[in-house]
Amino acid sequence: MSVTPCGFLRTPEKGPARLHWAGGGWAVDGRPPAVPELRPLRGLEIEWPDGPVPLDGLDELAAAGVPLTAERAPDWVPAGLAALLTDRDWLGHTPDGTARCLADLRREEHSVRLRRLAHPTPASPPSVSIVMSTKRPALVGAALAQMERQRGVTAEVVLGLHGVPFEHVRQAVEECALPVKWVEAAESVPFGEMLNRAAALAGGDFLAKWDDDDWYGPHHLSDLLMARAYSGADIVGTTAEFFYLEPLKATIRRTTFASGAGYPSEVYSDHVAGGTILVPLARFREIGGFPAVARAVDLEFLKAAAQAGAKIYRTHGLGYVLRRGLSADHTWQLPLAHFVKVAAGQWRGFRPSLLMEAA
């Protein structure tokens, strides 16, 4: 399927339009729907014909992430599609033209669910080696539990124990339902080198980087694989969009950089969230692995990948939340005030996207 969500707009400029059957195909204002022209619309309200018609056009619009809705669905519409089209909860918020508005977030969640339904899934789940380096044994159990939740993939875990004896994580590893490999190294070993030693044990078709202190939704890996399939990119990752500011007990969403420049999803870019990098294992090794540096490992890897001719794609960030404590606790050192400054939306407590399926 050649239609993709590339170019999806988080905040539409116009209201909804009507999608109707015009004899030989679906139409908007009497013309066949052209996805670029539909991007500024809030969505499409479907008007069903009297009898069954081909649904290929609806499938293509769903694959493009165009929000589709209908008050009802005829019995000749497949159950999965009918359930999504008639789930109109996302319309329950009034748009106000800002990224702070829940209406746009709920609209994007609905769009992602449609994409998942429309894009074909492989007959056998791809194998993914999840690589995580940690200095914090107390976080390993929760991280492994999130890896176990991943849907639509066959996963293995490769732990880099960075100054952490295996005995400190043994219980968490033994309780994990996924196969787990590990390698130990002294804390003095650079972070990038620690990741490379772990990646050397990877046996999956793909390598996915995972951060021990962040949150990942159950479709995180399958959404990345879907984005790679429709984008044709070598490397995919998400936007770094949702942050939980632990000392402030608040969640923020950013949709621009500090400079004010936009930070869109569904675009080809040289930047993705470092904790979400997914790349074919063979391509990872061709690039030369992670730079053996102590900080900015993700940034330097993406630079090296781009210089090696790799195409990089950034998909939606609704299934990922970064945890931020005091800046000294992170390799990416920015004060909490920075994240408050760039926040388009801010909420008390842990308030991720509904796609996280968090309790």
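Structure shown above.
Described below are features of the structure shown in this document. Quantities reported herein were computed from a predicted structural model and do not represent experimental measurements.

So, how was this worked out
- Residues numbered from 1 in each chain as written.
- Predicted model: local features only at pLDDT ≥ 70, side-chain atom pairs only at ≥ 80, totals over all residues.
- Heavy atoms only, no water.
- Phe/Tyr/Trp six-rings, centres within 6.5 Å; stacked < 30°, edge-to-face > 60°.
- Helix = DSSP H or I, 4+ residues; strand = E, 2+ residues; numbered from the N terminus.
- Buried < 20%, exposed > 50% of the residue type's maximum accessible area, 1.4 Å probe, protein only.
- Salt bridge = Lys/Arg side-chain N within 4 Å of Asp/Glu carboxyl O.
- Pairing = 2+ DSSP bridges.

Overview of the packing of aromatic side chains
Counted by the stated rule, this structure contains 14 aromatic pairs. Aromatic side chains Trp 48 and Trp 76 sit 5.7 Å apart centroid to centroid with 85° between the ring planes, which places their arrangement in the edge-to-face category. With Trp 48 in the loop between β3 (44–47) and α2 (56–63) and Trp 76 in the loop between β4 (68–69) and α3 (79–86), this residue pair connects regions lying 28 residues apart in the sequence. For the pair Phe 290 and Phe 301, a centre-to-centre distance of 5.1 Å together with 50° between the ring planes defines the contact as tilted. Separated by 11 residues along the polypeptide, Phe 290 in the loop between α9 (281–287) and α10 (297–307) and Phe 301 in helix α10 bring together distant segments of the chain. Its relative accessible area of 3% is what places Phe 290 among the buried residues.

Observations regarding the side chain of Arg 106
On the secondary structure map, Arg 106 appears in helix α4 (residues 102–118). On the basis of relative accessible area, Arg 106 is assigned to the buried category, the value being 15%.

Things to note about the pattern of salt bridges
Applying the stated rule across the entire model yields 24 salt bridges. Taking the shortest distance from any N to any O, the salt bridge between Arg 136 and Asp 213 comes out at 3.5 Å. Residue Arg 136 is found in the loop between β5 (127–134) and α5 (140–148), and its partner Asp 213 is found in the loop between β8 (206–209) and β9 (215–216); the two are separated by 77 residues along the sequence. Assessed through its relative accessible area of 32%, Arg 136 is described here as partly exposed. The residue Arg 283 makes a salt bridge to Asp 234 at a minimum N-O spacing of 3.5 Å.

Concerning the sheet that holds β9
Taken in spatial order, the five strands make up an open sheet running β9-β16-β11-β12-β17, and their pairing is mixed. The open sheet has two free edges, formed respectively by β9 and β17 (345–348), since each of these has just one partner strand. Where β9 and strand β16 (residues 320–324) come together, two bridges link them in antiparallel fashion. Residue pairing across strands places Trp 215 opposite Val 321, the latter belonging to β16.

What to know about the sheet that holds β4
Across the sheet, which stays open at both edges, the four strands sit in the order β2-β1-β3-β4 with mixed pairing between neighbours. Both outer strands of the open sheet, β2 (26–28) and β4, are each paired with one neighbouring strand and no more. Summarising the sheet, β3 and β4 pair through two bridges and their orientation is parallel. Within β4, the residue paired with Leu 44 across the bridge is Leu 68.

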